[in-house]
Amino acid sequence: MSAVDAPLGLRSVAPIQSKLRRGLRRYSLPVIGALIIIAWIVVAIIAPLLSPYLPSTVDVTARLRPPSSTHWLGTDVLGRDVFTRLIYGTRISLTTGMVVVLVGAFIGTLVGGIAAYARGRVEEVIMRATDLVLCFPPIILAMAIAAALGIGTTNTIIAMLVVWWPKFARLARSLVLVQRSQEYVEAAVVIGLSPARILLRHIIPNSIGPLIILVTLDVGNAIITFAGLSFLGLGVIPPTPEWGSMVSEGRELIEQWWVAAFPGFAILTIVLGFNFLGDGIRDWLDPRSRRR
Amino acid sequence: MPQYILSRLVLLFVMALLATLVIFLLANMVPGDPVLAQLGDLAASNKEFVAEWRAKWGLDLPLWQRYLIFLQQLSHGDLGISIASQRPVLQDVRDFAPATLELASVSFALSLIVGIPLGIMAAVRRDSWIDHLARLISLIGVSSPTFWLAFILLAVFYGGLQIAPGPGRIDSIGLPPPSVTGLYLLDSALAGDWATFRDAAAHLVLPSIVLAAATLGLITRTTRASMLECMQQDYVRVARAKGLRSRRIVIGHILPNALIPIVTLGGLAYANLLTGAVLTETIFSWPGLGRYTFRSAVSLDFPAIMGITLIVAVVYLIINLVIDVSYALLDPRVVR
Amino acid sequence: MSAQNTGPGPILDVRDLRTQFFTDAGVVRAVDGVTFTVDAGETVGIVGESGSGKSVTALSLMRLLDEPSRIVGGEVRFRGADVLAMSEDELRAIRGDGIAMVFQDPMTSLNPVLRIARQLVEIMQAHGRFDGEQARARAISLLGRMGITAPQRAIRSYPHQFSGGMRQRVMLAMGFANEPALLIADEPTTALDVTIQAQILDLMVELNRDFGAAIILISHALGVIASVCRRVLVMYAGEVVEEGPTEQVLASPRHPYTWALINAVPRIDRHLPGTRRLTTIEGAPPDPLAMPSGCRFAARCPFRISKCDEHPPLDEVAPGRKARCWVTKGNEALPQASPPPPTTATIRPKSEKSATEPLLSVRGLVKHFPLRRDGLFAPRKVVHAVDGVDLDVEAGETVGLVGESGCGKSTFARLVVRIHEPTAGRIRFAGHDIAQASASAIRPLRRRLQMVFQDPYASLNPRMRVAEILSEPLRFHGLTGTSAETTARVDELLVSVGLNPKMATRFPHEFSGGQRQRISIARALALNPDFIVADEPISSLDVNIQAQVINLLVDLQEKFQLTYLFIAHDLAVVRHICDRLVVFYLGKVVEIAPAEDLFMRPLHPYTRYLISAVPIPDADAERRRKRLPLVGEPPSAVDPPSGCRFRTRCPIAQDICADVPPPLTPHRTGHLAACHFAGQF
Amino acid sequence: MADRLGWIDRRRLLQLLGVTGGALAANLPSRVFAQARKNTLVLGIDISDTITLDPARLAQYTSPMTVSAAYDSLVTMKPGDYINLSPSLATKWARTPDGKGWRFTLREGVKFSTGNPMTVEDVKWSFDRIINLGDQPSQYIANVDRVEIVDKSTIDIILKQPAEPLLTIIAAPEFVVLERKVAEANGASAAKDAKTADKAAQWINTNSCGTGAYRIAAWERNQQIQLVRNEHYWGGKPPFERIVIRHISDGAAQLLAVRRGDIDAAFNLIPEQIASLKGDANVRLAPLASLDFVYMALTQEPEFNKALAVKEARQAIGYAIDYDGIIKSMLGGAALRPAHFLPIGVSGSTEEIARQIGFKQDLARAKDLLAKAGFKDGFEFEISYGNAAVQGVTYQDLGLKIQSDLARVGIKVNLRPLDQVNLRTEYTTGKSKGGVLTFWNPPAVENQLWAAAVVQRVAKRVHWTTPEDIVKLVSQAATEADPKKQAELWVEWQKQAVDQANHFVLFQPVYQIAVRNTVKDFPLTAAGWMLDLHDVTPSAS
């Protein structure tokens, strides 16, 4: 169908841009985002090829060297090569970020979907549970879990998951509620399909767009959170290189800024990558901006 | 409406208690003994002494009894004595909360004052340079790890350029103003002590920028999206057909509608600022609730943990309630 | 053309207006050389289907369009001044002052967070005509004039406190606030119920008379135009194809498209018994991205001649009449329409009224929707959507359900097919009680009981291909074994609803609204049902597509011996295709009767109002007819009136009506009404 | 001040960034304050561990400094000499005639900060309060049986085990004299039921009632402690009108503050920050040779780790650690290393002795020992540690360093970061399954306290069943009256303890305190209170 109802902004006459420029503008951000992410993934995979050093090689005689041709990003307090640790650190940040978000999204979507589909008591209980999780001080929760289970990557991921699923549950619930009242779902009911089939085959595929946006935007969020917990000493077990703990190791070293500055910048770029991508996907899936 | 608020308050109370119960059980799963961490090496090895100290905080009682005692104390408005600081939790909170409140409020105000106009301009001048700028600012804002941003700002403006004051609420040798509210800006203004006021304000600049970064990004983005959404509503076209000026349409017609979702987001963001400033507070040596929370959790300070959980939950839920109530005030369609 | 400078002249003079959309796919010529004038105080209608460019024309007149639309050429002179050359300030001075506009959807046209007073006063102040106090006083008097009771109170209200009809009155008040010379009303009644539509249309006629403002009324319904406008423009594919005095155009069109438009609509005031099919034209409007070089209607035109390869001009065919057609160039009248013959022999199973049980039998059906509680201690409020309905449907019958929106007819439909579970009551379908049966118990019956939905855009899963949509029920119920069998059946289904089997691999969004509704019907047919509940299946379609779908439904009924429960708010359509009609009001049935009987001799006052409110696409008839003025709006279903639910709006209500709910009692054979004073109005 | 202040040339960066810092800088009031503080001493230090300033409840690391400024004990130690005691409130002391305790002669004319004279009653009451309050300080004088007033200037402290040491212990700021009248007026109690009856904690945290040079005027938690001059001080007029102990947790902030002159001394600088101060003419570095040390404890419970149960295997670890790397590189040389639990500076412990009898890195020997222990290809164990740092070096970095050192002889270390609570719990209850990195901070300067700990409670934690003779050796050394002989016994004890290889002392920090030259005397002390605040003096200019 043709675009009859033009979106009404405030300018009555706007410059009509060329198709090429519009396309560039619309896709440049997500493409840049995707490129950043891909670049980091590649770095994570080929890390050993990029550096002559090992991330855990301690050499206290070469500590806190400023960036130079031998140590591109300098060395840290134990004389480890910051560049090497940084590129190896990509692995942990990327995987934890994705694992937390994907597992959290999976659990949340399932729970939220069930809540919306079951309604009544079940929905009430599930939604109150999300409220409960959200009203915890997250630090206490994370630290209590880490203290109870022990410090380590897996346990930190578990702690994050505990606070991570509710937002997906809420989103999934509202999405399913919207879809539930759609006529095509009623049509599926009239055909006699089972609730599980309706949920999985009809409702969830149609709710997936906003979920994908949230997942993409949230990976960055998870990476930051994980790094933050590492910064507080709850993340990985040394000597595993991890960006948050690298910043933490260098946070007192204002004059040896390279120790903290580079890993932090790495976090910024990768999170920016996911945000660019997520923002782009949002624009792209949003029917209103699609018509531009 | 009063009916509604009343039942929400009842629910709030139940939820907050549930939160403390969950934290209580979780914290008790930790094998460590908070008393041992507080004692010197000699005392920690004296079994009787340790037992006596454990009894002092009721740690020797069965779980359910300890929780009941907590509830009982709570009914008298008493949150117990902190193990780590050895004074009433409530007093600790009273000491630490104003610092966080001040920082969070200033950051929040900052992100609103910058974020909303920026979002509005980005929406009105969609696809112009200001839109791109706003997008960049907000994306970088939400993408920056707080602890790193804090480090960079401190390194550049404090360590390098030396144009910003260092960590802490006031200068290292300055005296805090006489405590009325605990908020230095307010207290120094009340006391007419403008030097301290300027000092406290200067110390707020960097941490509040750091803390505001993510919120600012969020608010800018939401404002823009909300404005765009509202700009496509029929009533905007009607307003244009009425012959109103653009400014009037934006401020008088679009904004009141666009603000509604920002209330929710802003409220939640404020709640998060209040409860989630640990990293910023750590780096800026800000004597606030975030660091207190962190310290209590690290030292497994049960009374403090329970108290903070309760307070945070109540604050969070009250802010949620306020959001809903202001929703009803902002949006006449919501009738309770 | 030459009349431009004589006398008062036209207040609006539009010449060769061209508005285009610059989309990614290409340039859409939405308005392509539209020329017309409007004299002071005149009422002009613009009619056309969606996409014809009528709304864009209206918006272009006030330059209210936005990116990606641009006015690329032409002239719009308002009182001699060229609107298209005006600066923003000059433009603003005209908007809302010289020209006012009323939009289609009153629910969204008022700013929800601002009080009515502010929205009304604002427009008066913006043009400096009145100061605050005056403006407020005038706002109150205007609201009163628009038929809003207690305007002093109303002005302090927020829009959501008003119903759609009331809001459209507020919009009209706003439109007339500065006594404009011209009021543009873009589909002002489309979103309203028929009784409210009648009120608004009457009001517009009065306002035109009293204020002397010229009116441009845009509508897709000829009946609406006929009841207000003296002159009408018919638009098709961005062009005006015919122009002339309304009664002449409707009585004897000079463009085949106008002809098709008129004949595609069943008329409530006349009905040829025995024919259920409508005259339709094939196909759809041309692709706006690639307009044909010749006559744009040629591809669908039943009167096409070879000359039609050339683009016809809009020429005067008779004094005051213009048409863009080579066929009628010499003012030739087009022939009377004859509906297409039935595809198969008409077998009406109506006569075999056996003693057997009706296919569907509903007794005392109730559905209450609980509302969210205000608080833990607040009483739970309930919407009485359906409140005690009895109805039998015989096999092979077509039963129509009519009523205003919110009367419970759609809920009733969803109860019958058990999308909703009834609060109380009995539903017997083919001998089984399905009212409280479990999903698995109903599943075997689902094959015989299917539904067609209202919204062709929402009723198909956008992520599934047509083949999947149609094969899902087949496979689920195990009707086809192999995939080859399934494919064959899907192809068969597509053919039976008039679609090409090759389309099976496409996604729903690749189809037009009418095509989607055909897919929706095919899905319902897939399981070989006996009984189809159709919930407003045509109400969101253009008239010509409506006619096509109606014809399809009639064909299918004859071919597969279907029983229909047909829900609609368009009484003319219902009268046209139904055997029996059921009138709903606020969750209750107020009248059941054979279609003809109901229209000829309605017993319930509400039914009389409903019939009277339907506009007729015949200017003469419209003018001769005296519409019954039904006052007010339906009360809330949360707290329905005691006794007879219609009593609050009923002119003959008496004390008994408030105390005793009238039972649904037979008054003639097969004609039941629930009124204490049936037939006395 | 030079333009080159930080690590970037300020002007150049300003130009580069196009920033004009005027607006922000204008808000900086530090210069204003700098003028008005000639008579104020400002110390920048992390005092987040200070939770009480009540001497009888003292247990933390930083609070003794404050308390020692406000109160005096009977005897004290002068910086640098931790073997011989100096007079303070007592001018003379000797064994009681029956030999069961110590007799102290009190100084004449000592006044409290209120101006009231100190009496023998106050002394007895203060000790009674410590004992009856039963808080941690009471543990250290558990050997005290009672305190008896002899006359108005003489007091006896009677011991349960008269041979055990007392004087070095009561030199600590826990065992100070409070003004009974004021304390009781504010809720204090020294009665038997003091545990519940004493309500003075609140008041005593923000005030003081001692004889010290300064009086506590305010304590705002996690912000600062303020002391004001005690006009009645017995040692002459204290030089500063006011002392502010400013809580600055951040080393970087301390560094900047001391550079700018906002604080007169910075306590918590890490080696890198100290290095950056070297060129600053206004700041000098004062070394504080502490008696603290960082060590690794290794369990020998075979159930936890078969390899660690073998002495040779543990010794191999001792010979594999690169102690010099830790001290020279990681700590910038600002540390010592004793052989065992007797820090350098106390009886029987010098750098010389430590070199002779302590572990040193010797990889070949480590490998031999491994082979001897039956673990030729090495073994695996875990090291637990908390989230903390000593002298800017985190336990984590130490762990990593040890991990990489031990890897060179084939021993695999798994690091196990723990929160402090779990770490303490595991360690003190003997549940550590490998090594523990931790810190020893003596509450009082007394060899016996440390040595006894090694053979008693610390031994239990590492599941070492101590043989009789080494336990006997400790009490023998502690009660030996002849200093030279005593030192020899302590050396012998260290030899045996080192051989056992349950504890490896990694370093004994020499804290580097950055002091501005506005301060003249800055008598740092290795005794528990870090700084003799009453002897700090401003420079003449």
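Below, the structure is looked at part by part. Just so you know, these numbers come straight off a predicted model, no measurement behind them. (Residues numbered from 1 in each chain as written. Chains lettered and ligands numbered in written order. Predicted model: local features only at pLDDT ≥ 70, side-chain atom pairs only at ≥ 80, totals over all residues. Heavy atoms only, no water.)

## As for the overall build of chain A
Per the secondary structure count, chain A includes ten helices and zero strands. Taken over 292 residues, chain A has a buried fraction of 59%. For chain A, long-range pairs separated by at least 24 residues make up 71% of all intrachain contacts whose partners lie at least 6 apart in sequence. For chain A, the computed accessible surface area is about 11100 Å², with 69% contributed by carbon and sulfur atoms. (Helix = DSSP H or I, 4+ residues; strand = E, 2+ residues; numbered from the N terminus. Buried < 20%, exposed > 50% of the residue type's maximum accessible area, 1.4 Å probe, protein only. Contact = heavy atoms within 4.5 Å. Areas by Shrake-Rupley, 256 points an atom, 1.4 Å probe, with all protein chains shown as cover.)

## A look at the overall build of chain B
Across its full length, chain B holds 15 helices and zero strands. Dimensions of chain B, computed from C-alpha atoms along their principal axes, come out at roughly 85 × 55 × 40 Å. Looking at chain B as a whole, 62% of its 336 residues qualify as buried. A sequence separation of at least 24 residues applies to 73% of the contacts in chain B between residues at least 6 apart. When the accessible area of chain B is evaluated, it comes to approximately 12000 Å², of which 69% is carbon and sulfur surface. Each charge class in chain B can be summarised by its mean position, and for the 24 positive and 21 negative side chains these summaries are 15 Å apart. (Lys, Arg positive; Asp, Glu negative; His and termini not counted. Charge placed at Lys NZ, Arg CZ, Asp CG, Glu CD.)

## Comments concerning the interface of chain A and chain B
Taken together, the contact pairs 52 residues of chain A with 54 residues of chain B. Between chain A and chain B, roughly 4800 Å² of surface is buried when both sides are summed, and carbon and sulfur atoms account for 74% of that area. The interface formed by chain A and chain B includes two salt bridges. For A:Asp279, the salt bridge goes to B:Arg221, with nearest N and O atoms at 2.8 Å. Scanning the region where chain A abuts chain B turns up four residue pairs in polar contact (both at pLDDT 80 or more). Going through the elements one at a time, helix 1 (19-50), helix 3 (120-134), helix 4 (138-149), helix 7 (195-231), helix 8 (243-250), helix 9 (258-285) and helix 10 (287-290) of chain A are the ones with two or more residues in the side of chain A that touches chain B. (Buried area = accessible area lost by both parts, 1.4 Å probe. Salt bridge = Lys/Arg side-chain N within 4 Å of Asp/Glu carboxyl O. Polar contact = N/O pair within 3.5 Å; in protein donor to acceptor, adjacent residues only side chain to side chain.)

## Describing a nonpolar patch on the surface
Residues and elements named next belong to chain A. Residues Tyr 27, Val 31, Leu 35, Ile 38, Ile 41, Val 42, Ile 45, Ile 46, Leu 49, Leu 50, Trp 284 and Leu 285 make up a contiguous nonpolar surface patch of about 1100 Å² in total accessible area. Secondary-structure elements contributing two or more residues to the nonpolar patch are helix 1 and helix 9. Broken down by element, the residue count for the nonpolar patch peaks at ten residues, all from helix 1. Within the secondary structure, Leu 49 is located in helix 1. In this structure Leu 49 comes out as exposed when scored by relative accessible area, which is 71%. (Patch = residues over 30% accessible without salt bridge, like charges linked within 9 Å, V, L, I, M, F, W, Y side chains within 5 Å.)

## A few points about the interface of chain D and chain B
How large an interface is tends to be reported as the accessible area lost when its parts come together. The interface of chain D with chain B comprises 60 residues on the first partner and 59 residues on the second. Each partner contributes to the roughly 5100 Å² buried at the junction of chain D and chain B, and carbon and sulfur atoms together form 56% of this total. Connecting chain D to chain B are seven residue pairs in polar contact (both at pLDDT 80 or more). Counting residues per element, the side of chain D that touches chain B draws most heavily on helix 18 (residues 420-428) of chain D, at six residues.

## Structural notes on the pairing of strand 15 (residues 380-386) of chain D
All names here are of chain D. Across the seven residues that make up strand 15, a large majority, five, are buried. The sheet contact formed by strand 15 and strand 18 (residues 412-418) spans seven bridges and is parallel. By the bridge assignment, Glu 380 is partnered in strand 18 with Lys 412. Strand direction decides the pairing type here: strand 15 and strand 19 (residues 435-440), joined by two bridges, are parallel. Its bridge partner being in strand 19, Ile 383 is matched across the sheet by Gly 435. (Pairing = 2+ DSSP bridges.)

## Observations concerning the pairing of strand 7 (residues 154-159) of chain D
Residue and element names in this part refer to chain D. Burial runs high along strand 7: six of the six residues are buried. Residues Thr 154, Asp 156 and Ile 158 point to one face of strand 7 and Ile 155, Ile 157 and Leu 159 to the other, with burial holding for every one of them. Pairing of strand 5 (residues 101-106) with strand 7 involves five bridges; the strand directions are antiparallel. Note that in strand 7 the partner of Gly 101 across the bridge is Ile 158. Looking at chain direction, strand 6 (residues 144-151) and strand 7 are connected through six bridges and run antiparallel. Counterpart to Arg 146 in the pairing with strand 7 is Ile 158. Taking the residues that link successive antiparallel strands as the turn, the strand 6-strand 7 hairpin has two residues.

## A word on the sheet that holds strand 11 (residues 315-318) of chain C
Residues and elements named next belong to chain C. Strand order in the open sheet formed by eight strands is 6-7-8-3-9-10-12-11, with mixed pairing between adjacent strands. In the strand order of this sheet, the two ends are held by strand 6 (99-102) and strand 11, each with one partner. Ignoring which end each strand starts from, the neighbouring axes of this sheet average 25° apart. Bridge analysis of strand 3 (residues 43-47) against strand 9 (residues 231-236) gives four bridges, and the strand direction is parallel. In the sheet register, Val 47 faces strand 9, and the bridge partner there is Val 234. Lying on the sheet, helix 1 (residues 54-61) is in contact with strand 3, strand 6, strand 7 (182-186), strand 8 (214-219) and strand 9; it crosses strand 8 at an angle near 145°. (Axes fitted to C-alpha atoms, helices over the stretch in contact; angles between N-to-C directions.)

## Remarks on the environment of C:Asp309
All names here are of chain C. Mapped onto the fold, Asp 309 is located in the loop between helix 11 (256-264) and strand 11. Taking the C-alpha atoms as reference points, Asp 309 and Thr 486, separated by 177 residues in sequence, lie 43 Å from one another. Once residues lying within four places of it in the same chain are set aside, the contact partners of Asp 309 are Ser 293 and Gly 294.

## Some details on the packing of helix 7 of chain A against helix 14 (residues 466-476) of chain C
Direction vectors running N to C along helix 7 of chain A and helix 14 of chain C enclose 165°, while the axes themselves pass 14 Å from each other. By the angle between their directions, the pair helix 7 of chain A and helix 14 of chain C is classed as roughly antiparallel. In this structure, helix 7 of chain A meets helix 14 of chain C at a crossing whose hand is right-handed. Along its contact with helix 7 of chain A, which presents A:Arg197, A:Arg201 and A:His202, the element helix 14 of chain C presents C:Glu468, C:Glu472 and C:Phe476. Split by residue class, the contact of helix 7 of chain A with helix 14 of chain C holds one nonpolar, one polar and four charged. (Parallel < 35°, antiparallel > 145°, perpendicular 65-115°, else oblique. Left-handed = near helix turned anticlockwise from the far one by under 90°. Nonpolar A, V, L, I, M, F, W, Y, C, P; charged D, E, K, R; others polar.)

## Comments concerning the environment of D:Ser329
Along the chain, D:Ser329 turns up in helix 14 (residues 323-330). A residue is classified by how much of its surface remains accessible, and D:Ser329, at 18% relative accessible area, is buried. When the C-alpha positions of D:Ser329 and D:Pro271 are compared, they lie 9.5 Å apart, and in sequence the two are 58 residues distant. What D:Ser329 contacts, discounting residues up to four positions off in sequence, is A:Val60, A:Thr61, A:Arg63 and D:Asp324.

## Some words on the nonpolar core
Residues D:Phe267, D:Ile317, D:Phe522 and D:Leu533 are the most contacted members of the largest nonpolar core, which totals 263 residues. In this structure D:Ile317 touches D:Met296, D:Leu298, D:Leu308, D:Phe379, D:Phe381, D:Leu406, D:Ile411 and D:Phe504, once residues within four positions along its chain are discounted. Counting residues in hydrophobic clusters, the runner-up holds 109 residues, among them C:Leu65, C:Ile215, C:Ile216 and C:Ala226. (Core = buried A, V, L, I, M, F, W, Y, C linked by side-chain atoms within 4.5 Å.)

## A closer look at helix 5 (residues 120-133) of chain D
Residues and elements named next belong to chain D. Relative to the 20 Å expected for 14 residues at 1.5 Å per residue, helix 5 spans 20 Å between its end C-alpha atoms, a close match to the ideal helical length. Burial within helix 5 is extensive, with eleven of its 14 residues counted as buried. Among the residues trailing helix 5, Gly 134 stands out with phi positive, at a value near 65°. (Expected span 1.5 Å × (residues − 1).)

## Quick word on the sheet that holds strand 5 of chain D
Strand pairing in a sheet is mediated by backbone hydrogen bonds. Such pairs are either parallel or antiparallel. Residue and element names in this part refer to chain D. What the four strands build is an open sheet, ordered 4-5-7-6; its pairing is antiparallel. The sheet is open, and its two borders are formed by strand 4 (90-95) and strand 6, each paired with just one other strand. Direction aside, neighbouring strands of the sheet carry axes that sit 20° apart on average. Bridge analysis of strand 4 against strand 5 gives five bridges, and the strand direction is antiparallel. Within strand 5, the residue paired with Trp 93 across the bridge is Phe 104. Helix 5 contacts strand 5, strand 6 and strand 7 of the sheet and is inclined by roughly 170° relative to strand 6.

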